[in-house]
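# Coordinates in review
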Amino acid sequence: MCLRRLFRSSHLHWAWRAAFLKHSRCGHQGPWRWTHSGGGPYRAVIFDMGGVLIPSPGKVAAEWEVQNHIPSGTILKALITGGENGPWLKFMRGEITKEDFLQEFRRICSEISNTSVPVDNFFSLLTSEQVAKQFPVMTEAIIQIRAKGLQTAVLSNNFYLSNGKSFLPLDRKQFDVVVESCVEGVCKPDHRIYKLCLERLGLQPSESIFLDDLGQNVKAAASLGMRTIKVNDPEAAVKELETLLGFTLRTVIPNTHPVRKTMEIPKDSLEKYLRDLLGTQTTGPLELLQFDHGQSNPTYYIKLAGHQLVLRKKPPGTLLPSAHAVEREFRIMKALASAGVPVPKVLDLCEDSRVIGTPFYLMEYCPGLIYKDPSLPGLEPSQRRAVYAAMNRVLCKIHSVDFKAAGLEDYGKHGDYIPRQVQTWIKQYRASETSTIPAMERLIEWLPLHLPRQEKITVVHGDFRLDNLLFHPEKTEVLAVFDWELSTLGDPLSDVAYSCMAHYLPPSFPILRGQASSATAEQSGKMTEFMSDLAWEFAVKEGFRIFKGMPATKPLTRSYHTWAGPRSLPSTPGARSYIPLPEPSSAHASKGALVISPEGLSPPVRELYERLKQFMDRHVYPAEPELRRHQASAERWTPSPLVEDLKEKAKAKGLWNLFLPLETDPERKYGAGLTNVEYAHLCELMGMSLYAPEIFNCSAPDTGNMELLVRYGTEEQKARWLTPLLEGKARSCFAMTEPQVASSDATNIESSIREEDGFYVINGHKWWISGILDPRCQLCVFMGKTDPHAPRHQQQSVLLVPMDTPGIKVIRPLTVYGLDDAPGGHGEVLFEQVRVPKESMVLGPGRGFEIAQGRLGPGRIHHCMRLIGHSERALALMKARVKSRVAFGKPLVEQGTLLADIAQSRVEIEQARLLVLKAAHLMDVVGNKAAALDIAMIKMVAPSMAYRVIDRAIQAFGAAGLSGDYPLAQFFAWARALRFADGPDEVHRAAVAKMELKNRI
Ligand SMILES: Cc1cc2nc3c(=O)[nH]c(=O)nc-3n(C[C@H](O)[C@H](O)[C@H](O)COP(=O)(O)OP(=O)(O)OC[C@H]3O[C@@H](n4cnc5c(N)ncnc54)[C@H](O)[C@@H]3O)c2cc1C
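This structure is a prediction, so every number in the text was calculated from the model and none was measured.

### Brief notes about the pattern of salt bridges
- According to the stated counting rule, one finds 55 salt bridges in the structure shown.
- Notably, a salt bridge pairs Asp-190 with Arg-192, separated by 2.8 Å at the nearest N-O pair.
- By relative accessible area, which is 54% here, Arg-192 ends up exposed.
- One salt bridge in this structure joins Arg-952 and Glu-908, with 3.1 Å as the shortest N-O distance. With Arg-952 in helix H31 (residues 932-957) and Glu-908 in helix H30 (residues 896-925), this pair connects stretches of sequence that are 44 residues apart. Residues Arg-952 and Glu-908 agree in their burial class; the two are buried.

If you want it as structure tokens, here you go:
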């Protein structure tokens, strides 16, 4: 699901999102008191209450008198009657109770108007919630003043209510200082109360601005040296205050700008339309702003007479029929609002293009909180949980809408939503593809084969994520879900998947920050690659889930024949037996000892061996049929997810990177730190299955390359290449052999490495490059000539070439007896003008031969160790087979030739193993160089021994032995190939002979 955003061609979703007040919780609710950064000489604004922050008693009275047929002006006159000693001022100084005041007030009003006046009724209205409400323009102004670091105060002539509380229908938190006449016993315009207020603010009079609607109060303040504003109309007063302070006091509508010239809409006809829509009494000018991200569907903020609206229109010009479907957005929001889903309230759809040139719709502007960062910084874990719980609840609500009842039955196609989505993504990806992304190729193959089997149909949002939700500023409640541009009828699982995406993406990922639409092509490429890898990880996990979900009996469906042997090790009669050496006492007592059986290994290594054996039994052998099936299938060039899963499991069990010898990695920084002898036993066990080495990250050519990097790599080279290889996240290849020269002789290698402008430029033709076709292959260790005129062994150099470097062309995969060894394969490759930075050189120019020798030392013997494993497995399979099949009246095993073959195989395996162990032992105790003769001998012996043993097993199997049902055919091909790979038999034979003649005459 998560790839969809990358493929979307339009930017239209941003417009909608921008249509709502967006700010992070931190920004909005951060500390009230910021450093003083505005306001010029002023450091505080002091507000009167009635007439400034809330309606004045005079204004309330005027309307009330009309409605209650009381002579106009009665209340006002009564309020000032008696001056300082009149009931009103006494009441405001807290000297009389409400009841006493009303009694006296009633009397005065009746005298003035010659009629009975229901003053209780007036008083209730004056103090009612619906009248005593703070003007929004003042609320905005106070927020802005405080945001600039200035103080605010309310200095009010007010009174006590019957409940003993003072009348102050304001949020006290808005003010640094609150001064109430009834509490202080002093009223404006008495100077003392102004001074009290200033004192509490800690300011001089000239540092404050005072706002009041009564002239006498303003005068008193001015006489003290305060700057004053006489308030007749709150809006106008705020404008005056803005001029004095020098900054805006209006809430800025986020993500808006003045309407661009090319995006202007006819204001007059829009205004007329809006006045008709909202009612004729609406007054005031029309304010119009444009949201920043409305390139696709231009979106505007409108303020008209206290109404705040959002207008969303189609862009001008000719449009594709299905694009910019504002009608659909309007329709779904309207229907969902009726079904109880919180959505912005849509007001009107105008399809008449004559009004502003295109169809448009209007919705209410909703202020609230939008959490832009899905990690919800600044919130407690419990609050985060609450936010996500609210998000889930609203998603459930969307998915529970009865779309038929909501009139949305025809809102989208019914069924096959996810298959259709997948096809659309593939099409869109192909249309915008710039280079091959291996994980994407795998996904394109994998996804259609792994679609959910069951499907539900509901309304789907299509882009359900946290920053498309508007939250209540105080409660954890979703006020509105917006961005319905991709909504349709579909499978609700897609919304669930999409909403979980933020959990898996790194916090810096641009999609989470709403920058995807402005990403450069290169950035989008990187994002696509990242997302593909991430998605592929899910595919791998899914493979593992299926595997785990298989019934417990399933692994037992393997045939006895494919299974025979390994399980019986080492104690079953007839299986390989050992002569155990005395148990070494310390952990590494086996270093320096020729341990000829696993029982002789030190306890920790023996434990490791047992763990490995158990893993082979439980996981590797049972997986073989599936892995063989995969290798024969059309998906074989995509690594099997099962292998990836098993890799994770092996890693978790510590069965990982066992190959790195102690001598190369003495601090055990990278691997298990086994000796060559110890590893020989474990490696033989891995050799029982062709798939095992990779599962334990112990397979060629990575092992040789990793060792090369450990030994010769710089820290930078290690960080870039060794780490992902050790983690099993990347694979590598080694490119030496060339078709046009006899490559048994490494000095023949012709590929050129030229220095040019601080780079090395490679040109060459290679083949039999194992692993190069693997989509995970990221590194090519390349051998070529830097100086053809240098002494023969100093002409070659080794470069680390990233596989995505331009100029590397894999011409074809080669086959071994028709087997292509997917997914790594063996490739024929052209390197044409491949440029790599100079830091890609290993060790230095001319040192390639030396490196290749070092690289092949342990690698060569690993092949031999594994070949012993192949042979053991082949013999085990053969024994099992001949015991169970009858020909010419008796079991095959009773045929003399087969007995001879079995005996011969056992003898040959034992001989070869002893030689392998001896070579490994010498490598441990005298080093690779001194062990050269033994390495050459075993390399000469092991492949042909294995070749013969496996050949006998195949023969005993009958035709089945050649088939893909058993590992024999592949073992055979591989043993044959190893008579060439890493040097043909003859080369080793020649080396043995040379040393024999030199040393032993
Ligand atoms: C399955 C497989 C995987 C491989 N993977 C890789 C890889 O990843 N990277 C890579 O660079 N290469 C790889 N190779 C190539 C392998 O290393 C070469 O095939 C090998 O070094 C031989 O080179 P060549 O094929 O050019 O044979 P040549 O050098 O042409 O030799 C041909 C034959 O000449 C004979 N000969 C050669 N030298 C002598 C001698 N001194 N005395 C007597 N006879 C001799 C032998 O019979 C030899 O087989 C792979 C090969 C195979 C089959």
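### Remarks on the sheet that holds strand E4 (residues 208-212)
- The five strands lie next to each other as E3-E2-E1-E4-E5, forming an open sheet whose pairing is parallel. The strands lining the two open edges of the sheet, one partner per strand, are strand E3 (177-180) and strand E5 (227-230). Strand after strand, the sheet turns through a mean of 15 degrees between neighbouring axes, direction not considered.
- As defined by bridge partners, strand E1 (residues 44-47) adjoins strand E2 (residues 151-156) across four bridges and the pair is classed as parallel. Bridging across to E2, Val-45 finds its partner in Thr-152.

### Things to note about the site of the ligand
- Around the ligand, the structure places 20 residues, and the nearest of them are Phe-734, Thr-737, Ser-744, Trp-768 and Ser-770.
- Take Met-736: an N or O atom from its main chain is 2.9 Å from an oxygen atom of the ligand.
- Side-chain polar atom of Ser-770 to a nitrogen atom of the ligand: 2.8 Å apart, as the coordinates give it.
- Protein chains bury 70% of the 980 Å² of accessible surface belonging to the ligand in isolation.
- Those elements that place two or more of their residues in the shell around the ligand are strand E18 (759-770), helix H32 (968-977) and helix H33 (985-999).
- For the shell around the ligand, the per-class residue count stands at 13 nonpolar, five polar and two charged.

### Let's talk about the nonpolar core
- With 99 residues, the main nonpolar core has Tyr-679, Leu-682, Ile-695, Phe-696, Ile-950 and Leu-968 as its most contacted residues.
- Residues contacting Ile-950, with those up to four places away along its chain left out, are His-870, Ala-874, Leu-968, Phe-971, Phe-972 and Ala-975.
- Judged by nonpolar contacts, the second largest core, of 53 residues, contains Ile-54, Val-60, Leu-126 and Leu-249.

### Considering the confidence of the model for the protein chain
- Considering every residue of the protein chain, the mean pLDDT works out to 85; 87% of them sit at 70 or more.
- Counting interchain partners and residues more than four positions distant, the pLDDT-below-50 stretch residues 514-518 has nine contacts.

### Notes on helix H11 (residues 191-201)
- For H11, the full list of buried residues reads Ile-193, Tyr-194, Cys-197, Leu-198 and Leu-201. Looking straight down H11, one finds that the buried residues subtend no more than 140 degrees of arc, so they occupy a single side. Residues of H11 that are exposed and angled more than 90 degrees away from the buried face: Arg-192 and Glu-199.
- Among the residues trailing H11, Gly-202 stands out with phi positive, at a value near 75 degrees.

### Brief notes about the sheet that holds strand E9 (residues 307-313)
- Pairing in this open sheet of six strands is antiparallel, and the strands run E6-E7-E8-E9-E11-E10 from one edge to the other. Each edge of the sheet is formed by a strand with only one pairing partner; in this case those strands are strand E6 (256-258) and strand E10 (346-350). Shown here is a sheet whose adjacent strand axes are inclined to one another by a mean of 30 degrees, direction ignored.
- Of the pairings in the sheet, the one linking strand E8 (residues 299-304) to E9 comprises six bridges and is antiparallel in character. The partner of Thr-299 across the bridge, within E9, is Arg-312.
- This element, helix H14 (residues 267-278), spans strand E7 (286-291), E8, E9, E10 and strand E11 (360-364) of the sheet and lies at about 110 degrees to E7.

### A few points about the packing of helix H25 (residues 676-686) against H30
- The interhelical angle for the contact between H25 and H30, taken along N-to-C directions, is 145 degrees, at an axis separation of 8 Å. Residues Asn-676, Val-677, Ala-680, His-681 and Glu-684 of H25 pack against Arg-913, Leu-917, Ala-920, His-921, Met-923 and Asp-924 of H30.
- Here the contact of H25 with H30 is composed, by residue class, of five nonpolar, three polar and three charged.

### Some remarks on a negative patch on the surface
- Negative charge collects at one region of the surface, where Glu-529, Asp-533, Glu-537 and Asp-804 lie side by side.
- Exposure remark for Glu-537: the relative accessible area of 45% places this residue in the partly exposed category.

### Focus: the state of the cysteines
- Tallied over the entire structure, the rule returns zero disulfides.
- Cys-683 provides the cysteine sulfur closest to Cys-698, a residue in no disulfide bond, and the two sulfurs are 7.3 Å apart.

### Structural notes on the environment of Ala-406
- With respect to the helices, strands and loops of the structure, Ala-406 is situated in the loop between helix H17 (381-400) and helix H18 (417-432).
- For Ala-406, a relative accessible area of 24% gives the class partly exposed.
- Once you skip the residues sitting within four places of it in the chain, Ala-406 turns out to touch Ala-335 and Val-401.

### Observations regarding the pairing of E2
- A large share of E2 lies buried, amounting to six of its six residues.
- Side chains Gln-151, Ala-153 and Leu-155 of E2 all project onto a buried face; the interleaved residues Thr-152, Val-154 and Ser-156 project onto the opposite face, where all are buried too.

Conventions and cut-offs
Throughout, residues of each chain are indexed from 1 in the direction in which the sequence is written. For this predicted model, a pLDDT threshold of at least 70 governs which residues receive local features, and a threshold of 80 or more governs which side-chain atom pairs are given and counted, while totals over whole chains, interfaces and linings are taken from all residues. Values shown for side chains rest on all heavy atoms present in the structure; no hydrogens or waters enter the calculation. When a carboxyl oxygen of Asp or Glu is within 4 Å of a side-chain nitrogen of Lys or Arg, the pair counts as a salt bridge. Exposure categories follow from relative accessible area, calculated using a 1.4 Å probe and restricted to protein chains: below 20% of the type maximum is buried, above 50% is exposed, and the middle band is partly exposed. Helix and strand definitions follow DSSP, with helices as H or I runs of at least four residues and strands as E runs of at least two, each counted in order from the N terminus. A strand pair is defined by DSSP finding two or more bridges across the two strands. Only the contacting stretch of a helix is used when fitting its axis, a line to C-alpha atoms as for every element, and angles between N-to-C directions run 0 to 180 degrees. Nearness is defined per residue: one heavy atom within 4 Å of the molecule or strand is enough. Here a polar contact is recorded for every N or O atom pair within 3.5 Å, except that within protein the pair must consist of a potential hydrogen donor and a potential acceptor, and residues adjacent in sequence are included only if both atoms are side-chain atoms. Note on areas: Shrake-Rupley, 1.4 Å probe, and residue coverage restricted to the protein chains presented here. Basically, the charged four are Asp, Glu, Lys and Arg, the nonpolar ten are Ala, Val, Leu, Ile, Met, Phe, Trp, Tyr, Cys and Pro, and anything else, Gly included, counts as polar. For our purposes a nonpolar core is just a set of buried Ala, Val, Leu, Ile, Met, Phe, Trp, Tyr and Cys residues, chained together by side-chain atoms within 4.5 Å. The contact rule is simple, with two residues in contact once any of their heavy atoms fall within 4.5 Å. Scored from 0 to 100, pLDDT records how confident the predictor is in each individual residue. Our arc is simply the arc of the directions from the helix axis toward the C-beta atoms. Nonpolar side chains (Val, Leu, Ile, Met, Phe, Trp, Tyr) within 5 Å and like charges within 9 Å form the patches, drawn only from residues with over 30% relative accessible area and no salt bridge. Positive residues here are Lys and Arg, negative ones are Asp and Glu, while His and the chain termini are left out of the count. Charge coordinates come from a single atom per side chain, which is NZ of Lys, CZ of Arg, CG of Asp or CD of Glu. By convention in this document, the label disulfide applies to cysteine sulfur atom pairs within 2.5 Å.

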